[in-house]
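# Structural description and commentary
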Amino acid sequence: MIELQFLGATQTVTGSKFVLRTEDCCVLVDCGLFQGLKELRQRNWEPLPLSPDDLDAVILTHAHIDHTGYVPRLVRQGYEGLIFGSRATVDLCRLLLPDSAMLQEEDARHANRQGYSKHSPALPLYTVKDAKAALRLMKSVPYGTPVRLSSSLEFQFIPAGHILGSSFVSVTCRVNRRTEHRILFTGDLGRYNEPVLNDPTPAPDADYLIIESTYGDRLHSNEDPKARLEEIITATAGRGGQVIIPAFAIGRTQHLLYLLRELEAEGRIPILPVRVDSPMAVDATEKYLAHTEDHDLDMKALLAQGKNPFRTHDFQLCRSQRASQALLRDHRPMIIISASGMATGGRILHHLRARLPDERTTVIFVGFQAEGTRGRRLLEGESEIKIHGEMVPVRARIERIDSLSAHADQGEILRWLSTLRRPPRQTFIVHGEPQASRSLAGKIEGEMGWKVTIPSLGETVRLDG
């Protein structure tokens, strides 16, 4: 018996959770938070349709909160088993999960002080104490190392090229200890020919494939992201404004710093103060330097020459609240990179609240903006936006650079799928909004002739009969 149940990331891009059951083992692949629309976020408060005691292990594809952010909640509910991730994933979770808990605690306190929550008192989904308890259960596994969890199930991590430590999870299930079925979870699929990280690994053989579809209905712009950054930064500095970039602390921030360093070295942008205002991004950047197993050849060459690939001329990492508050009082032209990438919380909200009314400001979005997030609403042209219970007028210029996304687009997904030596028996499309998932399904069915399913929330399928 092999069953797969979809508890998240079905026709939406967040909340990744997939339960895989065999005769003697039950694992949860990814354990993410729902983000974006209120109706999605409310799912985080609903109990899972299984007891934490039923789970033998949790396996994480990578560290982003929509894949890991429910872990402390699961532990709070009584889960005591191991939580597996690649070396870098576990390292990054040590930053991400306490930070996520801290933000939730801060948001709850702020809501209680300002009185804008409908709940009295407003409570966090979980606490820093819960996050630390979860971290004690984590076990890191090198790429390519098989881990046997029972007589019927073993898995290994394979580099996915999305962020540091991101992995495909290749699971081998045995029925009656004889017949093998291989199930491959992509997590989030990375891109080709990007700086810092290696390209996605060619796909291993799989009988069943669970693949993301974040950008399944579109192709990224073929514009040069460096040329676009050059254009925006130069124009904004010329009118005396600041460039504000909401960016995920892990992945996008490091990619941006790498490009900004190159642009400065090539003399294509003015020398401006570059400030990274996110304690987690500060620590994550150090992790990006340390985990050489994920570096591409150019990254390795720069480090071998003794160069820091992420350091510009006037560069500062802002860890403390005092340093962050000082930025709000500094009106010089500069570049500020801060989390969160969808402007759902964190220090970026203070910068947006202060700078959105200034028409000299430019806000650049460099990653996917889920439906219902502030980032999505700003891109859709809203003239005012609520931040900390206050309506803030939007006079700043709002830009996006899609070519900086860390997610494979439709063409790159199909390119990666073509590396499979034989078609899977069944392909399940997840982690995408409905149109994106349907579009990718049509492409795979029409061009490759594969059998494709878009599962619904809570759906369970039998994989061995």
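Scroll up to find the structure this text is about.
Read on for a plain summary of the structure.

The rules behind the values
Residues numbered from 1 in each chain as written. Predicted model: local features only at pLDDT ≥ 70, side-chain atom pairs only at ≥ 80, totals over all residues. Heavy atoms only, no water. Pairing = 2+ DSSP bridges. Helix = DSSP H or I, 4+ residues; strand = E, 2+ residues; numbered from the N terminus. Contact = heavy atoms within 4.5 Å. Axes fitted to C-alpha atoms, helices over the stretch in contact; angles between N-to-C directions. Disulfide = S-S within 2.5 Å. Buried < 20%, exposed > 50% of the residue type's maximum accessible area, 1.4 Å probe, protein only. Parallel < 35°, antiparallel > 145°, perpendicular 65-115°, else oblique. Left-handed = near helix turned anticlockwise from the far one by under 90°. Nonpolar A, V, L, I, M, F, W, Y, C, P; charged D, E, K, R; others polar.

### Let's talk about the sheet that holds strand β10 (residues 179-185)
Strand order in this open sheet of seven strands is β7-β8-β9-β10-β11-β20-β21, and the pairing throughout is mixed. Where the open sheet ends on each side, the last strands, each with one partner, are β7 (147-150) and β21 (452-453). Examined bridge by bridge, strand β8 (residues 153-159) and strand β9 (residues 167-175) share seven bridges and lie antiparallel to one another. From the neighbouring strand, glutamate 154 faces β9, where its bridge partner is threonine 172. Across the sheet, helix α13 (residues 410-417) is in contact with β9, β10 and β11 (208-212); its angle to β11 comes to roughly 160 degrees. Contacts between helix α14 (residues 434-448) and the sheet are confined to β11, β20 (426-430) and β21, with β20 contributing the most and set at about 155 degrees to the helix.

### Side note on the state of the cysteines
Tallying each qualifying case throughout the model produces zero disulfides. Just so you know, cysteine 31 is unpaired, no disulfide at all, and the nearest cysteine sulfur is the one on cysteine 93, 10 Å from it. Taking relative accessible area as the criterion, cysteine 93 reaches 0% and is therefore assigned buried.

### Considerations on the packing of α13 against α14
It is the contact of α13 with α14, at a shortest axis distance of 11 Å, that shows an interaxial angle of 40 degrees. The angle between the axes of α13 and α14 places the two elements in the oblique class. Considering only the axes of α13 and α14, their crossing is right-handed. Side by side, α13 and α14 meet where Gln410, Ile413, Leu414 and Leu417 of the first sit next to Ser439, Leu440, Lys443, Ile444, Glu447 and Met448 of the second. Partitioned by chemical class, the residues of the contact of α13 with α14 number six nonpolar, two polar and two charged.

### Describing the sheet that holds strand β12 (residues 243-246)
Pairing is parallel in the open sheet, where six strands are placed in the order β14-β13-β15-β12-β16-β19. Edge strands, defined here as strands with exactly one partner in the open sheet, are β14 (314-318) and β19 (397-400). On average, each strand axis in the sheet is inclined to that of its neighbour by 20 degrees, with strand direction left out of account. The pairing of strand β16 (residues 362-365) with β19 spans four bridges and is parallel. Within β19, the position partnered with valine 363 by the bridge is isoleucine 398. On top of the sheet, helix α6 (residues 225-238) reaches β12, β15 (335-338), β16 and β19; it is set at about 165 degrees to β16, its chief contact.

Function cannot be read off these values alone, since they describe shape.
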